[in-house]
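Here's the letter readout for the chains.
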Amino acid sequence: MALSGPLVWSQRARRTSSPLLAATLAAAAAAAFSAGGWTFALPRGSTSMRVSTPRKHERPKTRANLPRQNLEMVLDEEVPELEAPPPLPQHRIPYSLNMVTQTPHGARWKDESRAMKYLEQKLTYSLTHFEDFIRHVEVRFLVQENFRRDKAGGHKKVVRAKAPK
């Protein structure tokens with residue numbers, strides 16, 4: 001009787017393993033292990049095969065890698081109070097600064113006036129990042145009397161006349 005088509009499991013011929021083949025494979029494996037060909041060694045100090053690097057979806061454990069703290073801390077010691085450091089000297093600008101103010105009627109501001117100190121403070125703060133490149137600064141502050149005064153006849157307002165009925 002001839003079979004046509006692929007063989008089904010029940011129709012396949014069973015392969016039997018020979019005891020001689022199994023014995024030679026077992027002998028070869030034992031010889032390889034005893035000769036040191038297939039050896040595996042753990043790192044020093046470790047007793048398990050667990051890998052210390054975190055796995056793909058495992059959160060890293062930060063405290064697991066720290067050494068254990070077995071020392072007792074003495075709480076009775078008093079911490080000596082530190083002395084207050086001496087006050088820092090006033091910042092001195094490394095460039096010369098000359099400020100001239102002109103106001104109406106020839107009046108000038110005094111060097112000790114609050115407005116003059118305010119202008120000097122604003123100017124020095126704006127130049128703090130460039131102090132090493134500056135040698136001298138000249139400032140001329142001019143106050144004009146009629147700077148914002150409306151000019152007569154300069155602007156005319158548009159007035160709309162009402163249309164007669």
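Just above, that's the structure.
Quick caveat, the model's predicted, so the values are computed rather than measured.

Rules of the game
- Residues numbered from 1 in each chain as written.
- Predicted model: local features only at pLDDT ≥ 70, side-chain atom pairs only at ≥ 80, totals over all residues.
- Heavy atoms only, no water.
- Helix = DSSP H or I, 4+ residues; strand = E, 2+ residues; numbered from the N terminus.
- Buried < 20%, exposed > 50% of the residue type's maximum accessible area, 1.4 Å probe, protein only.
- Areas by Shrake-Rupley, 256 points an atom, 1.4 Å probe, with all protein chains shown as cover.
- Core = buried A, V, L, I, M, F, W, Y, C linked by side-chain atoms within 4.5 Å.
- Contact = heavy atoms within 4.5 Å.
- Pairing = 2+ DSSP bridges.
- Right-handed = clockwise from strand over helix to strand, strands pointing away.
- Phe/Tyr/Trp six-rings, centres within 6.5 Å; stacked < 30°, edge-to-face > 60°.
- Polar contact = N/O pair within 3.5 Å; in protein donor to acceptor, adjacent residues only side chain to side chain.

Draft legend 1. Just the overall build of the protein, in detail. Of regular secondary structure, the protein possesses 2 helices and 2 strands. Counting all 165 residues of the protein, 7% fall into the buried class. About 18,000 Å² of surface is accessible on the protein, with carbon and sulfur atoms providing 56% of the total.

Draft legend 2. Examining the nonpolar core more closely. Counting 7 residues, the largest nonpolar core is built from Tyr95, Met99, Met116, Leu127, Ile134, Val137 and Val139. When near neighbours in sequence (up to four residues on either side) are disregarded, valine 139 contacts Leu97, Asn98, Met99, Val100 and Leu123.

Draft legend 3. View of the pairing of strand E1 (residues 96-102). Here E1 pairs with strand E2 (residues 136-142) via 7 bridges, running parallel. Considered in E2, the bridge of threonine 101 is made with phenylalanine 141. One crossover worth recording links E1 to the parallel E2 by way of helix H2 (residues 114-126), and it is left-handed.

Draft legend 4. Examining the packing of aromatic side chains more closely. Counted by the stated rule, this structure contains 1 aromatic pair. Ring geometry for tryptophan 109 against phenylalanine 141: centres 5.2 Å apart, planes inclined by 40°, an arrangement best described as tilted. Of this pair, tryptophan 109 sits in the loop between E1 and H2 while phenylalanine 141 sits in strand E2; the two residues are 32 residues apart in sequence, bridging distant segments of the chain.

Draft legend 5. Structural detail: the side chain of glutamate 131. Here glutamate 131 shows up in the loop between H2 and E2. Engagement of the side chain of glutamate 131 in a polar contact is seen with the side chain of histidine 91, the distance being 3.0 Å. Ignoring anything within four residues of it in the chain, the contact list for glutamate 131 reads His91, Ile93, Pro94 and Tyr95.

Draft legend 6. Local environment of the environment of proline 94. Mapped onto the fold, proline 94 is located in the loop between helix H1 (19-35) and E1. Residues proline 94 and aspartate 132, 38 residues apart in the sequence, show an inter-C-alpha distance of 7.5 Å. Among residues more than four places away in sequence, those in contact with proline 94 are Glu131 and Ile134.

Draft legend 7. Examining the side chain of threonine 103 more closely. Positionally, threonine 103 belongs in the loop between E1 and H2. Relative accessible area serves as the criterion here: at 15%, threonine 103 is assigned to the buried category. In this structure the side chain of threonine 103 is engaged in a polar contact, spanning 2.4 Å, whose partner is the backbone oxygen of alanine 107. Excluding residues that lie within four positions of it along the chain, threonine 103 makes contacts with Arg108, Trp109 and Val143.

Read these as spatial facts, not as claims about activity.
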